[in-house]
Amino acid sequence: MSENILDINDLRTSFFVEGNEIKAVDGVTLQVPEGKTLGIVGESGSGKSISALSILQLIDDPGKIVGGSIDFNGEELTDVKPSRMRNIRGNEISMIFQEPMTSLNPVYTIGQQLRESYKIHEGLGKKEGTKRAIEMLEMVGIPSPDKRIDQYPYELSGGMRQRVMIAMALACKPELLIADEPTTALDVTIQSQILELIKELQEEIGMSVIMITHDLGVIAETCDYVAVMYCGQIVEYADVETLFDNPKHPYTVGLLNSLPRHDMDQDELIPIKGSVPAPDEMPAGCRFAPRCPHASNICSQMPALETQEDGNDVRCWIYTDQWDGEKGVKVYDRESTS
Amino acid sequence: MTENQLLKVANLKQYFPIKGGFLGRTVNHVKAVDDVSFTINKGETVSVVGESGCGKSTTGRAILRLDEPTEGKIEFDGQDIVSMNKNEMRKMRSEMQIIFQDPYASLNPRKTVRQTLNEAMEIQDVVPKNERNDRIIELMETVGLQRHQIDRFPHEFSGGQRQRIGIARALSVNPKLIICDEAVSALDVSIQAQVLNLLKKLQREYDLTYMFIAHDLGVVRHISDRIVVMYLGKVVESGDTKAIFENPQHPYTKALLSAIPVPDPKNKSERIFLRGDVPSPIDPPQGCRFHTRCPYATDKCKTEEPLLEEKDSVMTGSHDVACHYAKDIQSGRHKPTYEMTDVRKALDEEGGDNESTGKELEDAKN
């Protein structure tokens, strides 16, 4: 059992709008084992990005972390001083975002932007900073980095910009990288380059990664552990093989069944009925109950995230003694999908 | 075969002028679509796939003459539509409709569902005035919306529901062909599956023909009968869905398919990494347009443009490829020139893309 670099316990982040509390992240508990990749998957509005921003203490008004703890290497991030937090960001925990064009500053060359992090975090001068920046660009596979370093973001293609973002995020060799939909805006051939690159750099630097995505394919390719989020909560957590082999939560199963596959023939997709409830209309009990094909009376109460025999953590009444619905219900029918 | 044909696109070219210099003269062209030909038969779904900038959306828009095509022939149901005047074309559009990617942007925010659907029927004059209300309710129920939502505005609907309104609007004029331009790309998977199933159901019920423009190959495999793969304004491969997915011939199609992440952790396929990025369509490479990134390119590929022709001996049915070496690659006689399964080596080989940037850099310094 490896050590956990990050240990999130019962994290709650809410937004206060017009006197209402909207619980964007509602009791998330997660661990990131050292050197491993944790995937967080979910649809829009599930709270996956807000969870990531909470880790970095980047939640602004009207949002607020209202409860829980985030333990990073023994340090409690919810109550470190802002100056210490600034030091952690970029130095120990780095983040890359979805849209590389809006995350890079358009009026500075990529060299200037890379040097900035060396100056802030390591106090390096221009000459030394440039040398390190060129090394870093080379590491992310940018050809002729000594020329590229004087270019502006608009002069680079989308894939190259994302590689510059990665170079910047990894400049100080962080222990944890949070990648929030790093390839969603990119074409597939470029996506595969970026994902492979992140994987190789992870091994070289020995860092841990949190991969946030809506794409189950990306999860299967890159992650060791997966947390499935729905409406601000984790509904299922397992290692990647268990999750795809033996999904237990009806939502996870619904996601897998509605995914059109390019690698096999399917007759009919089985969609999840309805849509995600609006944040101010959250059901009191299990949040997935209104869309769940198996929902029963007990689902009007909130189930807990509990560990099952085969290793999945599942938030569902079906796997408890209190289950009052159909006995022996088959949530995942392997035959119909493969 | 030909009487079954609904749409025939022949040698379609779409160039957009670049204005500049003194007096705003046209200095160059973006060759978005360059000599594209394909046909769509009645009742089938043909997908046009490719990465951003390959010209797939432009092709769709040119077919509806939302942009005037520069050159080429488009026949719909036996009629040449390029030579039609504005009025004739407007009438024609009741037969061919389009659903756009962004359901937020393609609906008028100040019109209710009733007004939106009414407007389409009014313009095309397809249903007598006194029957329109019933038709609107019927359409809403067909696409899975509730009749009490008829007087709601777009902002009161979710993304998936808005896309259903877009589908209802397209259906309202009884079209034969619907062009779906990334119609499900903006939706979450669970909603995407609902809309895909709806489109399939409607096709069966109304005998519709779809032209699907998409970049998600999972969606494409699920919905299509035939596939056209585009790269930089050209068709590089076309054929039956099964043939394209199970026996891709063009090196680009192979790389594209290998790049998609498989949602199965036990089944990690061998990746082919392409060097560099897609070149600019303003000054596309000579010869085969893919040669700057192709692992198999030779000198011949740099000068001689390959034709789209049948090269597959394994699969029957139609399967055309535009590659000089398709057969030799398949048999293993023609070997790749760079290490295409190693991402670092592929990235270092920026190929043709790098040459041009190098030149630009020199120019900038002078």
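Sequence positions are assigned chain by chain, starting from 1 and proceeding in written order. The order in which chains are written sets their letters, starting at A; the order in which ligands are written sets their numbers, starting at 1. Per-residue local features of the predicted model are confined to residues with pLDDT of at least 70, and side-chain atom pairs are confined, for both listing and counting, to 80 or more; whole-chain, interface and lining totals are unaffected and use all residues. Just so you know, side-chain values use all the structure's heavy atoms and leave hydrogens and water out.

1. Concerning the sheet that holds strand 5 (residues 75-76) of chain A
Residue and element names in this part refer to chain A.
Right, so step 1: When DSSP locates at least two bridges between a pair of strands, those strands are taken to pair. Secondary structure is summarised from DSSP: a helix means a run of H or I of at least four residues, a strand means a run of E of at least two, and numbering begins at the N terminus for each. Within the open sheet, the four strands sit side by side as 2-1-4-5. Their pairing is antiparallel. The open sheet has two free edges, formed respectively by strand 2 (20-33) and strand 5, since each of these has just one partner strand.
Right, so step 2: Bridge analysis of strand 1 (residues 4-17) against strand 4 (residues 63-72) gives eight bridges, and the strand direction is antiparallel. Paired with Arg 12 across the strands is Gly 67, a residue of strand 4.

2. So, the confidence of the model for chain A
Right, so step 1: When pLDDT is averaged across chain A, the result is 90; 98% of the residues are at 70 or more.
Right, so step 2: For every residue, the pLDDT score states the predictor's confidence, bounded by 0 at the bottom and 100 at the top. Looking across chain A, the model is least confident in helix 12 (residues 334-337) of chain A, with a mean pLDDT of 50, and most confident in strand 3 (residues 37-41) of chain A, with 97.

3. Observations regarding the pattern of salt bridges
Right, so step 1: Each reported salt bridge corresponds to a side-chain nitrogen of Lys or Arg within 4 Å of a carboxyl oxygen of Asp or Glu. Within the structure shown, the criterion is met by 33 salt bridges over all chains.
Right, so step 2: Here Arg 84 of chain A makes a salt bridge to Glu 92 of chain A, at a shortest N to O gap of 3.3 Å.
Right, so step 3: Of the residues examined, Glu 92 of chain A reaches a relative accessible area of 18% and is grouped as buried.
Right, so step 4: Of the charged contacts in the structure, one is a salt bridge between Glu 44 of chain B and Arg 226 of chain B, with a shortest N-O distance of 2.7 Å. Of this pair, Glu 44 of chain B sits in the loop between strand 2 (25-41) and strand 3 (45-49) while Arg 226 of chain B sits in strand 9 (residues 226-231); the two residues are 182 residues apart in sequence, bridging distant segments of the chain. Of the two residues examined, Glu 44 of chain B and Arg 226 of chain B, each falls in the buried class.
Right, so step 5: Each of Asp 10, Arg 12, Asp 26 and Arg 287 of chain A takes part in one network of salt bridges that share partners. Relative accessibility thresholds used throughout: buried, under 20% of the residue-type maximum; exposed, over 50%; partly exposed, between the two (1.4 Å probe, protein chains only).

4. Observations regarding the packing of aromatic side chains
Centre-to-centre distance and the angle between the planes together describe a pair of aromatic rings.
Right, so step 1: In summary, the pairing rule links any two rings of Phe, Tyr or Trp, Trp by its six-membered ring, whose centres are within 6.5 Å, and it sorts them by plane angle into stacked for under 30 degrees, edge-to-face for over 60 and tilted for everything else. Throughout the structure, instances matching the rule amount to seven aromatic pairs over all chains.
Right, so step 2: For the ring pair Tyr 231 of chain B and Phe 290 of chain B, a centre distance of 5.1 Å and an interplane angle of 85° mean the geometry is edge-to-face. Placement of the pair is Tyr 231 of chain B in strand 9 and Phe 290 of chain B in the loop between helix 9 (251-259) and helix 10 (299-303), with a sequence separation of 59 residues.
Right, so step 3: Tyr 231 of chain B sits in the buried class, given a relative accessible area of 2%.
Right, so step 4: Counting every residue linked through ring pairs, the aromatic cluster contains Tyr 230, Tyr 251 and Phe 288 of chain A.
Right, so step 5: One Lys or Arg, Lys 31 of chain B, reaches over the ring of Tyr 15 of chain B and ends 6.0 Å from the middle of that ring.
Right, so step 6: A positively charged side chain is recorded as over a ring if its NZ (Lys) or CZ (Arg) lies within 6 Å of the ring centre. The angle to the ring normal must also be within 35 degrees. It is Lys 300 of chain B that lies over the ring of Tyr 325 of chain B; its NZ or CZ is 5.9 Å from the centre.

5. Concerning the nonpolar core
Right, so step 1: Only buried Ala, Val, Leu, Ile, Met, Phe, Trp, Tyr and Cys residues count toward a nonpolar core, and they belong to the same one when joined by side-chain atoms within 4.5 Å. Membership of the largest hydrophobic core comes to 147 residues, with the highest contact counts inside it found for Ile 167 and Phe 212 of chain B.
Right, so step 2: Any pair of residues with heavy atoms lying within 4.5 Å of one another is described as a contacting pair. Discounting chain neighbours no more than four positions away, the residues touching Phe 212 of chain B are Thr 45, Val 46, Ser 47, Val 48, Cys 180, Leu 196, Leu 199, Val 219 and Ile 223 of chain B.
Right, so step 3: Membership of the second largest hydrophobic core comes to 31 residues, among which are Leu 6, Val 25, Ile 70 and Met 95 of chain A.

6. What about the interface of chain A and chain B?
Right, so step 1: Every contact between the two is made by 54 residues of chain A and, on the other side, 48 residues of chain B.
Right, so step 2: Summing the contributions of chain A and of chain B, the shared interface buries around 4,700 Å²; its carbon and sulfur component is 53%.
Right, so step 3: The interface formed by chain A and chain B contains three salt bridges.
Right, so step 4: Under this definition, polar contacts are N or O atom pairs within 3.5 Å; protein pairs additionally need one hydrogen-donor-capable and one acceptor-capable atom, and for neighbouring residues in sequence, both atoms have to be side-chain atoms. At the boundary of chain A and chain B, one finds 14 residue pairs in polar contact (both at pLDDT 80 or more).
Right, so step 5: Its residues assigned to classes, the side of chain A that touches chain B comprises 20 nonpolar, 15 polar and 19 charged. Once two parts are brought into contact, the accessible area they lose, counted with a 1.4 Å probe and summed over both, makes up the buried area. Any residue outside Ala, Val, Leu, Ile, Met, Phe, Trp, Tyr, Cys, Pro, Asp, Glu, Lys and Arg is labelled polar, Gly included; the first ten of those are nonpolar and the last four are charged.

7. Quick word on the packing of helix 4 (residues 110-122) of chain A against helix 5 (residues 126-139) of chain A
Residues and elements named next belong to chain A.
Right, so step 1: A fitted line through C-alpha atoms represents every axis, and for helices the fit uses only the stretch in contact; the resulting angles, taken between N-to-C directions, go from 0 to 180 degrees. Where helix 4 meets helix 5, the axes come as close as 9 Å, and the angle between the chain directions of the two elements is 115°. Once helix 4 is placed against helix 5, the crossing between them reads as right-handed. Of the residues in helix 5, those in contact with Ile 110, Leu 114, Arg 115, Tyr 118 and Glu 122 of helix 4 are Lys 126, Gly 129, Thr 130, Arg 132, Ala 133, Met 136 and Leu 137.
Right, so step 2: Residue composition of the contact of helix 4 with helix 5, grouped by class: six nonpolar, two polar and four charged. Throughout, a crossing is termed right-handed when the near helix is turned clockwise from the far one, and left-handed when it is turned anticlockwise from it by less than a right angle.

8. Quick look at the pairing of strand 7 (residues 176-180) of chain A
Two faces, one strand: in a regular strand the side chains alternate between the faces of the sheet.
Residues and elements named next belong to chain A.
Right, so step 1: With five of five residues buried, strand 7 lies mostly within the body of the structure.
Right, so step 2: By the alternation rule, side chains of strand 7 split into Leu 176, Ile 178 and Asp 180 and Leu 177 and Ala 179, which are all buried.
Right, so step 3: Of the strand pairs in this sheet, strand 6 (residues 93-96) and strand 7 are connected by four bridges, and their pairing is parallel. Bridge pairing in strand 7 places Ile 93 opposite Leu 176.
Right, so step 4: Direction of pairing for strand 7 relative to strand 8 (residues 208-213): parallel, over a ladder of five bridges. Counted as the bridge partner of Ile 178 is Ile 210 from strand 8.

9. Describing helix 5 of chain A
Right, so step 1: An ideal rise of 1.5 Å per residue puts 20 Å on 14 residues; helix 5 of chain A measures up with 20 Å between its terminal C-alpha atoms.
Right, so step 2: Of all the residues in helix 5 of chain A, the buried ones are Gly 129, Ala 133, Met 136, Leu 137 and Met 139 of chain A. Across the axial projection of helix 5 of chain A, the buried residues extend over an arc of 150°, all falling on one side.
Right, so step 3: Against the buried residues of helix 5 of chain A lie helix 4, helix 6 (145-148), helix 7 (158-170) and helix 8 (188-205) of chain A together with helix 12 (343-348) of chain B.
Right, so step 4: Looking one or two places after helix 5 of chain A, you find Gly 141 of chain A, whose phi comes out positive at around 75°. In a helix, the anticipated span is given by 1.5 Å times the number of residues less one. The arc in question is the one traced by the directions running from the helix axis out to the C-beta atoms.

10. Focus: the state of the cysteines
Right, so step 1: By definition, disulfides here are pairs of cysteine sulfur atoms that lie within 2.5 Å. All told, the structure shown has zero disulfides over all chains when counted by the stated rule.
Right, so step 2: Cys 292 of chain A provides the cysteine sulfur closest to Cys 316 of chain A, a residue in no disulfide bond, and the two sulfurs are 6.3 Å apart.
Right, so step 3: Classification of Cys 316 of chain A by relative accessible area gives buried; the value is 11%.
Right, so step 4: Cysteine Cys 54 of chain B is unpaired, with the sulfur of Cys 288 of chain B as its nearest cysteine sulfur at 14 Å.

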